[in-house]
Amino acid sequence: MKLTDKVAIITGGNSGIGEATAELFSREGARVCITGRNEKRCRKVVAEINKTGGQAIFVLADVRFPDDCQKTVEATLEAFGRVDILFNNAGVYFANNAVDCSYEEWDLSIDINLKGTFLMSRAVLPSMIKQGSGVIINNGSGWGLVGGAKAVSYCASKGGVVMMTRAMAIDHGEQGIRVNSLCPGDVKTPMLDVDARNQGMTWDEYNTMAADRPMGRIGTPEEIAKAALFLASDDSSFMTGASLVVDGGGIA
C-alpha cells in the first residue's frame, strides 16, 4: 500500500499503460481520476476499479485543450480534495520521416505528447504548490533520449518531454514537487497494434522486429505501471529531473 491516502490523475488512463497504472495505483491505496476521449473505455476502467474496492472517477478530456485540463483538475479536487500525483501518459505515435510526415501528424504529435503534458502540469501545479508536495511523472520514451527511424514527430515530441521534465524539476524542487520522466521501450498496447497495421505487417512480423533487444521481447503495460509506481511513491524520494528507462535493454 505505497500510495495510501494519495490522489492520482492519469491521462490516457482508459487503455494500455494508463489503464494498468490506474489499476495498480488503486491497489496500492490511491484514489484515481483517469482521463480519456472514449467514454465507454473510461467507464469500463473506473467500474473495474470501484468493483474491487477502489475509488475512481473519470473525466472526458482532450489534453490538447487548456479548459479540458483545468476541468480534470477541478473535478479531481472536488471529488477527492487534493492531487498528489499526475501521470502525463496520454500520447500518440505516427511512423514518419521529415519528408513523409504530414502537417496534421506533426501537430497532433506535438499537441498531445508535448503540449498536453505542459497543459496538464500547468493546471495541477498550483494545487501542489499550495500543499507543498506533489509528484509529476511525464511519459517520455526511449526515443526521447536517442533517435529512432521513421519517427521524426514522435522523437521531437518525446525529446521535448524529457527536457521539459528536467526544467520543471529545477523550477519546482524547492516547492516539494518531484518531476521525473518514464521512458518505456516498445510495449504491448493498442498503439502497437495500430502501428503494425499501418506498416502493413502481421503482428508476428512486427513483434519480431520490436523484440530485437537484449531481453528478446517487448514489455507489458503492467511492467511499465510498476515503474510508474516507483516514481510516484516514496521509494524514489530523492529522484527528480531523472529519466527512468524501462525498455528491455533497447537503448543499451
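Because the structure is a prediction, the values reported are computed rather than measured.

(A) Layout of the environment of Ala 252. The residue Ala 252 is located in the segment after strand 7 (243–246) in this model. Overall, the relative accessible area of 93% leaves Ala 252 in the exposed class. Separated by 39 residues in sequence, Ala 252 and Arg 213 have C-alpha atoms that sit 8.6 Å apart.

(B) Summary view of the packing of helix 1 (residues 16–27) against helix 2 (residues 39–51). Orientation of helix 1 relative to helix 2, taken along the N-to-C sense of each, is 20°, at an axis distance of 10 Å. Comparing the axis directions of helix 1 and helix 2 gives the class roughly parallel. Here helix 1 runs over helix 2; the crossing is right-handed. Facing Glu 19, Ala 22, Glu 23 and Ser 26 of helix 1, the residues of helix 2 in contact are Lys 44, Val 45 and Ile 49. Its residues assigned to classes, the contact of helix 1 with helix 2 comprises three nonpolar, one polar and three charged.

(C) Quick peek at the pairing of strand 2 (residues 31–36). Burial analysis of strand 2 places five of its six residues in the buried class, the great majority of the element. Where strand 1 (residues 7–10) lies against strand 2, four bridges are found, and the strand directions are parallel. Across the sheet, Ile 10 pairs through a bridge with Ile 34, a residue of strand 2. You can see the chain leave strand 1, run along helix 1 and come back into strand 2, and the turn it takes is right-handed. With five bridges connecting them, strand 2 and strand 3 (residues 56–60) associate as parallel partners. Across the sheet, Cys 33 pairs through a bridge with Ile 57, a residue of strand 3.

Reading the values: rules and limits
In this convention, every chain numbers its residues from 1, walking through the sequence in written order. The model is predicted, so local features are restricted to residues of pLDDT at least 70 and side-chain atom pairs to those at 80 or more, both for listing and for counting; the totals for chains, interfaces and linings are taken over all residues. To obtain the side-chain values, all non-hydrogen atoms of the structure were used and water was disregarded. The helix and strand labels rest on DSSP assignments: H or I over at least four residues marks a helix, E over at least two residues marks a strand, and numbering proceeds from the N terminus. Exposure categories follow from relative accessible area, calculated using a 1.4 Å probe and restricted to protein chains: below 20% of the type maximum is buried, above 50% is exposed, and the middle band is partly exposed. In this description, a line fitted to the C-alpha atoms serves as the axis of each element, helices being fitted only across the stretch in contact, and the angle between N-to-C directions of two axes falls anywhere from 0 to 180 degrees. For classification purposes, an angle smaller than 35 degrees is called roughly parallel, one larger than 145 roughly antiparallel, one from 65 to 115 roughly perpendicular, and anything else oblique. Each crossing gets its handedness from the near helix: less than a right angle anticlockwise from the far helix is left-handed, clockwise is right-handed. Any pair of residues with heavy atoms lying within 4.5 Å of one another is described as a contacting pair. For this classification, the nonpolar set comprises Ala, Val, Leu, Ile, Met, Phe, Trp, Tyr, Cys and Pro, the charged set comprises Asp, Glu, Lys and Arg, and every other residue, Gly included, is treated as polar. Pairing between strands is defined by DSSP: at least two bridges between the two strands are required. A crossover gets the label right-handed when its path from the first strand over the helix to the second runs clockwise, viewed with the strands pointing away from the viewer.

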